[in-house]
Amino acid sequence: MSYIIGAAQTAFGRFPESGLVDMGVEVLRAALADAGIDKHAIDGVVVANAFGAMLFGETTIGQSITHRAGLRQVPVFNVENACTSGSSAVHVGDMAIAAGQCDVVLVIGVEKMCVPQMGLINSGFQDLDTMLGLVAPASFALRAKRHMHEFGTTDRQLAAVAVKNRKHAALNPLAMFRKTESIESVLAASMIVDPLTRPQCSPVADGAAALILSRGPKVGNSGRGRHVRLAASTLGSGSHERPPALSTWATDRDVAAKTYERAGIGPEDIDVLECHDAFSIAEILHIEALGLCPIGEGGRLTESGETALGGRIPVNVSGGLLSRGHPIAATAVAQFVELTRQLRGEAGARQVPGASVGLAHCMGGDIAGDTKSCTVAVLTA
């Protein structure tokens, strides 16, 4: 168990003038300021990045960031774990504290994906083409079609996920897409893979986010507002069995069950949730697997307004991946930043009143129709 004493995030979007190291240093300094501590209090660093080596030849980015920031002679771990790179880095930092190896750990997730001069999707990186341009939208479209067939989920219920998250993003000054949508505009948008239109698919983005984890709630002058505790963090992988169950996600359920047990809570105790809505159907599948509703009822729950601000269990009040943007390695760290602000009561217009228990969920990669990695964490105030 560790405490989150500092949290920071850049805006997510397209920033051609900002490099990976620039963004990493920016959130490093902002997280230190938020915690109210000096950089010399840090005795461990974990940095997540997924595509730096592939796109720019940038390796061991963590050391480049700490060197630029003047943070020397501190152990630095570099983590890559698909979309869970950021939450895996948080998990590593939490384990370092639990093992007694570190007292104060800086975690950074940083990604640069908008590279017009490379064309990105047509840039010649076949692995990236496959991951972002072909497999992911098609595989989630198959899941959507299967869910619709088995449970009667409708196009309008899928669109309702995008509408809700755009409405939330309109309240988040750091989100990439802040213009609201209607059910009709989402359904009328360009089709990516039937039934998923463009607003139902998360955009690539540039951005960074950072946390400072500590063994105790206070270090130096830190501890502003309510103390946020990382009550449980679990990292799992899929079973990779064939044929996969397209309409449910057993890996989500398994990892969530372990996390609930470790935190001593159940889904009924969650006040606010950030989950991996890479596509509209993804949010529906994840909220079902996390126990917010019975399997097959996620579309109806979303359409009812229960997962919106003011509803029973607000989901992705940051705007989620669909609207906040999805800079791969920064995504999950930003989920923790959002929940930290919610539990401190600092989320402004998108604040969930009285929030004291938050859940962060992320999923990454695919093998045999199942995920390569899945993380679930519980934060409490």
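For the structure itself, consult the block above.
Residues numbered from 1 in each chain as written. Predicted model: local features only at pLDDT ≥ 70, side-chain atom pairs only at ≥ 80, totals over all residues. Heavy atoms only, no water.

(A) Layout of the state of the cysteines. Within the structure shown, the criterion is met by zero disulfides. Left unpaired, cysteine 114 is separated from the closest cysteine sulfur, that of cysteine 83, by 15 Å. Cysteine 275 carries a free sulfur, and the closest cysteine sulfur to it, the one in cysteine 362, is 9.4 Å from it. (Disulfide = S-S within 2.5 Å.)

(B) Focus on the pairing of strand β4 (residues 104-111). Burial of β4 is extensive: eight of the eight residues sit out of reach of the surface. Burial of β4 is two-sided: the residues Val104, Leu106, Ile108 and Val110 facing one way and the residues Val105, Val107, Gly109 and Glu111 facing the other way are all buried. The pairing of strand β2 (residues 44-48) with β4 spans five bridges and is parallel. Opposite glycine 44, over in β4, you have valine 105 as the bridge partner. By the bridge criterion, eight bridges tie β4 to strand β7 (residues 207-214) in an arrangement that is antiparallel. Bridge pairing in β7 links glutamate 111 to glycine 207. (Buried < 20%, exposed > 50% of the residue type's maximum accessible area, 1.4 Å probe, protein only. Helix = DSSP H or I, 4+ residues; strand = E, 2+ residues; numbered from the N terminus. Pairing = 2+ DSSP bridges.)

(C) Geometry of the pattern of salt bridges. Inspection of the entire model under this criterion finds 14 salt bridges. A salt bridge links arginine 146 to glutamate 150; the shortest N-O distance between them is 2.8 Å. Of the two residues, arginine 146 and glutamate 150 are both situated in helix α5 (residues 126-151); the distance of four residues between them amounts to about one turn of the helix. On the accessibility criterion, glutamate 150 (36% relative accessible area) is partly exposed. A single network of salt bridges, built from pairs that share partners, joins Asp34, Arg344 and Glu346. (Salt bridge = Lys/Arg side-chain N within 4 Å of Asp/Glu carboxyl O.)

(D) Summary view of the nonpolar core. With 47 residues, the main nonpolar core has Leu273, Phe279, Ile281, Leu290, Leu292 and Leu359 as its most contacted residues. Element by element, the count of residues in this core is highest for helix α6 (residues 155-169), at six residues. The contact partners of leucine 273, leaving out residues within four places of it in the chain, are Leu290, Leu292, Ile313, Pro314, Val315, Asn316 and Leu359. (Core = buried A, V, L, I, M, F, W, Y, C linked by side-chain atoms within 4.5 Å. Contact = heavy atoms within 4.5 Å.)

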